[in-house]
Amino acid sequence: SDSSVEGEGFSASYTTVNAGVPAYIPPTSPVSVPVLTPAVPPPVLPPSTRCSGQVELSAASGSIGDGPGMYGSGQSCSWLISSGGSIRLSFSEFSLEAGYDFIKVYDGSSAGAGGQLLNGGSTSGTSAPAPLLAMSGTMLVVFTSDSSVENIGFIASYSSF
């Protein structure tokens, strides 16, 4: 569950089936079910509460994201990745309020004349952009959200080559 709206949850039961044993035994009271961890852990983001301002990254690879849980209203953050080699950015999670909250990725160190917009404009909604490649050795990733509806956000990983 996320950090906002709560619901009534769910209840489930199960049994194993062996010869001569009933396939279903109705529960007599609510059953506490342990939480299972996924077989493949999700990407690990650097520790932070929420993204804000600009972060400069020079490691050959890493992960970026808007922060834990749903992103906040009115966020504006950016990541300047400088590796010296070409940089590939791939999104593993992507869910932004369509038409209002955006990711822009530039090949270069600025959103102005010094940087070329890679993702054809702003990316928004729930379809992650295809992997993006900055040949200059510097990539600028900019995330902005408006003042109302929030969503899950994004996680992306980058690597240099």
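Look a little higher up for the structure.
A quick note: this is a predicted structure, and the numbers were derived from the prediction, not measured.

(A) Looking closely at the overall build of the protein chain. When its secondary structure is counted, the protein chain shows zero helices and nine strands. Of the regular secondary structure in the protein chain, the N- to C-terminal order runs β-β-β-β-β-β-β-β-β. Counting every position in the protein chain, which comprises 161 residues, the buried fraction comes to 33%. For the protein chain, contacts bridging at least 24 residues in sequence account for 74% of all contacts bridging at least 6. Taken as a whole, the protein chain presents about 9800 Å² of accessible surface, with 58% of it coming from carbon and sulfur.

(B) Looking closely at the sheet that holds strand 9 (residues 153-160). Spatial strand order, 2-9-4-7: four strands in an open sheet with antiparallel pairing. Strands at the two margins of the open sheet, each flanked by one partner only, are strand 2 (61-65) and strand 7 (132-134). Neighbouring strand axes in the sheet, compared pairwise and without regard to direction, differ in orientation by 20° on average. Where strand 4 (residues 87-95) lies against strand 7, three bridges are found, and the strand directions are antiparallel.

(C) Structural detail: the pairing of strand 3 (residues 76-82). The element strand 3 is extensively covered by neighbouring structure, given that five of its seven residues are classed as buried. Sheet topology note: the strand 1 (residues 53-57)/strand 3 ladder contains five bridges and is parallel. Considered in strand 3, the bridge of Gly53 is made with Cys77. Pairing of strand 3 with strand 8 (residues 138-144) involves seven bridges; the strand directions are antiparallel. In the sheet register, Ser76 faces strand 8, and the bridge partner there is Thr144.

(D) Main features of the nonpolar core. Counting residues in hydrophobic clusters, the biggest one holds 22 residues, and the most contacted among them are Ile64, Trp79, Leu89, Ile103, Val141 and Phe143. Counting only elements with at least two residues in this core, the list comes to strand 3, strand 4, strand 5 (102-107), strand 7, strand 8 and strand 9. When residues in this core are grouped by element, the largest group, four residues, is from strand 4. Other than its neighbours up to four places away in sequence, Phe143 contacts Cys51, Asp66, Tyr71, Gln75, Ser76, Cys77, Trp79, Leu96, Phe102, Ile103 and Phe154.

Each value, and the rule that gives it
- Residues numbered from 1 in each chain as written.
- Predicted model: local features only at pLDDT ≥ 70, side-chain atom pairs only at ≥ 80, totals over all residues.
- Heavy atoms only, no water.
- Helix = DSSP H or I, 4+ residues; strand = E, 2+ residues; numbered from the N terminus.
- Buried < 20%, exposed > 50% of the residue type's maximum accessible area, 1.4 Å probe, protein only.
- Contact = heavy atoms within 4.5 Å.
- Areas by Shrake-Rupley, 256 points an atom, 1.4 Å probe, with all protein chains shown as cover.
- Pairing = 2+ DSSP bridges.
- Axes fitted to C-alpha atoms, helices over the stretch in contact; angles between N-to-C directions.
- Core = buried A, V, L, I, M, F, W, Y, C linked by side-chain atoms within 4.5 Å.

Any link to function would need more than the numbers given here.
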